[in-house]
Structure formats: C-alpha cells, structure tokens
Amino acid sequence: MTSTPIKTYSNLIGGEWLASKSGQTFQNINPADHSDIIGVFPASNADDVALAVAAAKKAYATWRLVPAPKRAEILYRAGAILSERKEQYARDMTREMGKVLAETRGDVQEAIDEAYYVAGEGRRLFGVTVPSELQNKFAMSVRMPVGVIGMIAPWNFPMAIPSWKLFPALVAGNTCVIKPAEDTPLSTYNLVQTLIDAGLPPGVVNIVSGYGPEAGAPLVEHPDVRAISFTGSSATGSLVAQRAAATFKPVSLEMGGKNAMIVMDDANLELALEGALWGAFGTTGQRCTATSRILLHKNIAAEFTQKLVARAAALKVGNGLEDGIEVGPQVNDQQIETSTSYCAIAIAEGAQLLTGGKALTEGSYANGTFFAPTVFGGVKPHMRIAREEVFGPVVSLIEFSTFEEAIEIANSIDYGLSTALYTKDINRAFSAIRDLEAGITYINAPTIGAEVHLPFGGVKQTGNGHREGLGALDFYTTWKSVYIDSSDTLQRAQIDNAE
Ligand code: NAD
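Residues numbered from 1 in each chain as written. Predicted model: local features only at pLDDT ≥ 70, side-chain atom pairs only at ≥ 80, totals over all residues. Heavy atoms only, no water.

Draft legend 1. The arrangement of the overall build of the protein in detail. Scanning the protein for helices and strands turns up 13 helices and 25 strands. In terms of principal-axis extent, the alpha carbons of the protein reach across some 80 × 70 × 40 Å. For the protein, buried positions account for 56% of its 499 residues. In the protein, once contacts between residues fewer than 6 apart in sequence are set aside, the share between residues at least 24 apart is 74%. Counting only carbon and sulfur atoms, one obtains 53% of the accessible surface of the protein, whose full area is about 20,600 Å². With 41 positive and 53 negative side-chain charges, the protein shows a spacing of 4 Å between the two charge centroids. (Helix = DSSP H or I, 4+ residues; strand = E, 2+ residues; numbered from the N terminus. Buried < 20%, exposed > 50% of the residue type's maximum accessible area, 1.4 Å probe, protein only. Contact = heavy atoms within 4.5 Å. Areas by Shrake-Rupley, 256 points an atom, 1.4 Å probe, with all protein chains shown as cover. Lys, Arg positive; Asp, Glu negative; His and termini not counted. Charge placed at Lys NZ, Arg CZ, Asp CG, Glu CD.)

Draft legend 2. Examining the site of the ligand more closely. Taken together, 29 residues form the shell around the ligand, and within it Ala 153, Glu 182, Ser 233, Met 255 and Glu 389 come nearest. Ala 153 places a polar main-chain atom, nitrogen or oxygen, 2.7 Å from an oxygen atom of the ligand. Summarising the interface, the protein chains cover 90% of the accessible area of the ligand, which totals 850 Å² for the free molecule. The set of elements that each furnish at least two residues to the shell around the ligand consists of α6 (212-221), β10 (227-231) and α7 (234-245). (Near = heavy atom within 4 Å. Polar contact = N/O pair within 3.5 Å; in protein donor to acceptor, adjacent residues only side chain to side chain.)

Draft legend 3. Focus on the sheet that holds strand β25 (residues 477-485). Judged by pairing direction, the sheet is antiparallel, and its three strands sit side by side in the order β5-β6-β25 without closing on themselves. Sheet topology places β5 (128-131) and β25 at the edges, where each strand pairs with a single neighbour. For this sheet the average axis-to-axis angle between neighbouring strands, irrespective of direction, equals 20°. (Pairing = 2+ DSSP bridges. Axes fitted to C-alpha atoms, helices over the stretch in contact; angles between N-to-C directions.)

Draft legend 4. Layout of the packing of aromatic side chains. Scanning all chains against the criterion turns up eleven aromatic pairs. Ring geometry for Trp 164 and Phe 456: centres 4.8 Å apart, planes at 55°, overall tilted. Here the residue Trp 164 occupies a position in helix α4 (residues 160-171), and Phe 456 occupies one in strand β22 (residues 455-456), the gap between them amounting to 292 residues. This pair shows no difference in class: Trp 164 is buried, exactly as Phe 456 is. Among the aromatic residues, those joined into a ring-pair cluster are Tyr 9, Trp 17, Phe 26, Phe 41, Tyr 189 and Tyr 211. The lysine or arginine in question, Lys 99, covers the ring of Phe 157, its NZ or CZ lying 3.7 Å from the ring centre. (Phe/Tyr/Trp six-rings, centres within 6.5 Å; stacked < 30°, edge-to-face > 60°. Lys NZ or Arg CZ within 6 Å of the ring centre and 35° of its normal.)

Draft legend 5. How the structure looks around the domain arrangement of the protein. Considered domain by domain, the protein is made up of domain 1 (11-255 + 463-481) and domain 2 (259-443). Relative to domain 2, the C-alpha centre of domain 1 lies at a distance of 31 Å. Across the boundary between the two partners, domain 1 contributes 21 residues, which contact 27 residues of domain 2. Between domain 1 and domain 2, the buried area comes to about 1,900 Å², and carbon and sulfur atoms account for 59% of it. A per-residue breakdown of the area domain 1 buries against domain 2 is headed by Ala 32, Glu 103 and Trp 155, which together make up 27% of the total. For the interface between domain 1 and domain 2, the tally reads one salt bridge. Close ionic contact of Arg 287 with Glu 103 constitutes a salt bridge, the shortest N to O distance being 3.7 Å. (Domains from an automatic or database assignment. Buried area = accessible area lost by both parts, 1.4 Å probe. Salt bridge = Lys/Arg side-chain N within 4 Å of Asp/Glu carboxyl O.)

Draft legend 6. Representation of the nonpolar core. The biggest cluster of nonpolar side chains holds 100 residues, and the ones touching the most others in it are Leu 166, Val 263, Ile 294 and Phe 304. Looking at which domains feed residues into this core, each of domain 1 (11-255 + 463-481) and domain 2 (259-443) gives three or more. When near neighbours in sequence (up to four residues on either side) are disregarded, Ile 294 contacts Met 261, Val 263, Ala 276, Phe 304, Leu 308, Val 395, Ser 396, Leu 397 and Ile 398. (Core = buried A, V, L, I, M, F, W, Y, C linked by side-chain atoms within 4.5 Å.)

Draft legend 7. Molecular detail of the packing of helix α1 (residues 46-63) against α6. Running from N to C, α1 and α6 point in directions that differ by 40°, and their axes come no closer than 8 Å. Taken together, the axes of α1 and α6 lie oblique to each other. For the crossing formed where α1 meets α6, the hand is right-handed. Of α6, the residues touching α1 (which contributes Ala 46, Val 49 and Val 53) are Glu 214, Ala 215, Pro 218 and Leu 219. Its residues assigned to classes, the contact of α1 with α6 shows six nonpolar, no polar and one charged. (Parallel < 35°, antiparallel > 145°, perpendicular 65-115°, else oblique. Left-handed = near helix turned anticlockwise from the far one by under 90°. Nonpolar A, V, L, I, M, F, W, Y, C, P; charged D, E, K, R; others polar.)

Draft legend 8. Spotlight on the side chain of Thr 355. Along the chain, Thr 355 falls in strand β14 (residues 352-355). For Thr 355, a relative accessible area of 14% translates into the label buried. When neighbours within four sequence positions are excluded, Thr 355 is seen to be in contact with Val 309, Ala 312, Ala 313, Pro 373, Thr 374 and Val 375.

Draft legend 9. A nonpolar patch on the surface, seen in detail. A contiguous nonpolar surface patch, about 320 Å² in accessible area, is contributed by Ile 426, Phe 430 and Ile 433. Tracing the backbone shows Ile 433 in helix α12 (residues 426-435). (Patch = residues over 30% accessible without salt bridge, like charges linked within 9 Å, V, L, I, M, F, W, Y side chains within 5 Å.)

Draft legend 10. Focus on the sheet that holds strand β13 (residues 291-297). Strand order in this open sheet of seven strands is β14-β17-β18-β13-β12-β20-β21, and the pairing throughout is mixed. Taken across any chain shown, the strands that pair with only one partner, and hence form the sheet edges, are β14 and β21 (440-443). The mean angle between the axes of side-by-side strands here comes to 25°, regardless of whether they run parallel or antiparallel. For β13 and strand β18 (residues 394-400), the ladder comprises five bridges, and the chain directions are parallel.

The structure is reproduced here in structure tokens:
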C-alpha cells in the first residue's frame, strides 16, 4: 500500500483548491493498518477560515437568489452521482475510519437518501398564510436563508452527517464552510466533490480541514458566520456553545449518548439478542446511538447474558475491507485509551468483566487500533460505566425487577438520545414511548437505525433542542413575517379594530 504516492489534498475555498496559509498538514491514517496513509490534508487555522468565510459570504449574494427548486435540482443530481460512486466512496470511508463495508455503504446510502429527501423541499419550503385581523390586509410568513453557516463534523458518520448539514442548508439558500473531523476528511471531500460535479457554484460550499481548536474554534467565532451546526462530544459542544454565545449565534448541537435497551421477560429473546449485538458492536460501538446499556429483566437475565457473551466473544474483529469481518477497528489510539481506561474503571467499581476488556495487539491486529468486543455484567446504575459515554465496543448489563424500575434506570443519566424496549406487551410499549426521556425510542428494534426523514436528535446533554432530518429546515431558515396593506389608509393593529 505504501508504494503508491500519498495524495495531497487542499482546502476548497471559493471554488479553488488551496493549501493552508501556514503550509501545515496532517496525515489521514487507516486505523486498521497504520502503514496505509490515505492522504495528507491541510492543518488549517484562523487565516484559512477567514478566507473560506469571505468566499462563502460572497457566494451567498447570488446563491440566495437562485430559486429553491433550481437549488434542489443540484441535490437530485448529487444523489444520482453518489449512487454511481457508492462503492468507491464506501471503500474510501472504511479505509479512513474502519467500520465494515456494509456499514460504510449504508453511510453513503444515508447521504443519497438525504439528497433526495431534502431536494423535495426545494418545491415546498412551506411558510404559512393567515388571515389578517384588519380588512384589506394580507399576512403571510416565508422562510429566508440565514447566511453563512459554519459546520463542524465528527468522524463516525463522515459522509452521512455532513450531508445532514450541507443539504438542508443549501436547499434553503445558505452557503457553507465545513470543517470535517481530523480522522475523516476524505469522505467530506468526496461528498463535496459530488456537489461540485452536480453543478454547485464556486464558494457555495467551502472545506477547511484541520484540528478543532485551530480550525473549528475560529469558525465558531467568526463574525460573518451566522449559525453553527455542530455534531460531536458533549464536552466540545459545550465549548462551541459558549463561544458562539458571545456573538449570539444560533447553534445546533448534536452530542453524546448512553443509550439503553430494555429487555422484558416477555420479549422475543432471540430478536433482542440480535438487536443487542448490532446495537452494541455495530460501528465498533462508535455511534452516538450505540446500545451501551442493556437493562435485563431478572427472569431472563442469566440466559440472555450467557448467550450475549458467547456471541460477542465470537464476533470477527478485523479490517473492515475484508469479507466476513463483523467489527472493524476503533478510529484512533485515543479511542483505544478511552475504552481501556473505562474497562479499568468498571472493574474498580465492581462490575464483572464477562468478555473482552482489552485492546487487540497481536498478529494481524499489530498495525491497527483494535479492541475486543466487551461485556460487563453486574453493573449498577450509579457506576460510571453505566453513566458515561465510552464510544467503543463496550456494553454494560444491568438487571431490574419491574418495568417501572427499568424506565427509571434508563432515565437516570445525563444523556437522552436513543432508547429501545423489547416486549410483546403493547401497553408497556406505549408507556415506554411516553416515559423514556430520549429523542428516539425503538420498540423491538435496537437503539441504532435512524432514517433521514424523521427528526434526529436528543434531550438533556445530548442536544440543545434542534433536530436534523425532519426539523433541520427550522435551523437553516429564519422566518420573515410579511404584511401587505391594500387599504390605502393607515390601519393600526390592536387599535383601529379594537371595538
Ligand atoms: P469531538 O467532540 O472530539 O469532535 C467533533 C468535532 O469538533 C471535530 O471536527 C473536532 O475537530 C471539532 N472540535 C474539537 N474541538 C473543538 C473546538 N474547541 N472548537 C470547535 N471545534 C472543535 O467528537 P468526535 O470524537 O469527533 O465524535 C464523537 C462524539 O460525537 C461522541 O460523543 C458521539 O456521541 C458524538 N456524536 C453525536 C451524534 C449525534 O447526532 N448526536 C452523531 C455522531 C457522533
């Protein structure tokens, strides 16, 4: 792999590919094989961000005037081009962040789905028309674009998440500066290249790659950036929100999770088992919606635990590009350190390590960042392993006696993204839908598997009230109320019609 020359990528600013002003770069490395360098990318700073924001501001002057159905046509074309390139982009993504090919194909598919879904909005973007309280007066409201939007993305869905941000922002008439995660810039480049090939004018989307404090923070602080869309950890999201508050920028925050799956004693246990394995170890546990707590009714806990541990221990861990691999590497050394340290914390807290619990470093694992699928039993709700996000293939089993107790445990954390209940009792299912404090609840399905045309986001420390998918346009547009008076007189609302 190292024999082919390493490709050098540039920032995209105003339609031109430019090196960072400082000349600094960083390497994009395959987490399954550290000898495989995918590319060299600009390590940008505030100077590059300023250029990109200026380009986006200039492009906004004309892009906002392009009729929305025309803007949407570019998204339709982008969806079609993404379909043609799906396999190549999926392979690039597995190479840069590790998850298995079936999942990276799904990630590209999500961007395709988002393109078609949002393109339909080009002919809607509905406002409301209402009767005025005065005669000969017309009242309506229209959605206006916001301006230049700054976007900061994580690495775990490196094409899907940028598409959730870029596509609705574009159809609404905004221009964008996106900073991809430092582990996964290539998938954002592939997505934006697709938009360019679909006919997006120069400057409408700009890419500035680099590290968070150097390239992300200046984007948040730039006075010409009108709003920030951030997805990442709650710790970083808090910093972003505080910085943005200084200039009153609206911020959409999509952050961490500690998602619970509840398995009742009347559940289809085989189905719950399949759901648990997929929810906990899909994407190597590195999903914001990953199943990281499994709450087991005491009547089925022993049987379920024994089966889950056997299946988790048998999962095939390896390079996601290879056939038959079920769990890819973790994205980088830092994630391995986090998983390792949480295993030590769990053991010190008194949880029982039932399988896994360590990095895999021998043989074919030696060149990558692999971690064994890990199950902890005997976990109590107060333990840190039951409350804090690990973001790795580590799942905690917690036993409960009653449905009400399970709901209480599920809700007892600071996060509120996704939840799942396995039961055949329809009444309990509806109680759970009502009582679980989360943005998403699945019944008889795992905590992962969101579709683009529903609202996506969470409550408590997972989010600040905005939604991607259905609801994204509420963030990427601002309302304008319009009154048209055709009476040829001064009509004073609340005064002339008060009698
Ligand atoms: P992270 O917070 O470390 O980084 C996210 C992004 O923020 C990166 O692009 C990073 O460069 C940037 N950043 C870092 N410091 C910054 C700063 N000071 N100012 C501005 N930007 C900065 O998160 P990550 O490790 O990339 O992603 C994993 C996290 O993302 C997990 O907590 C996961 O739950 C969360 N996540 C949430 C969702 C969701 O929709 N709720 C989806 C995917 C991932």
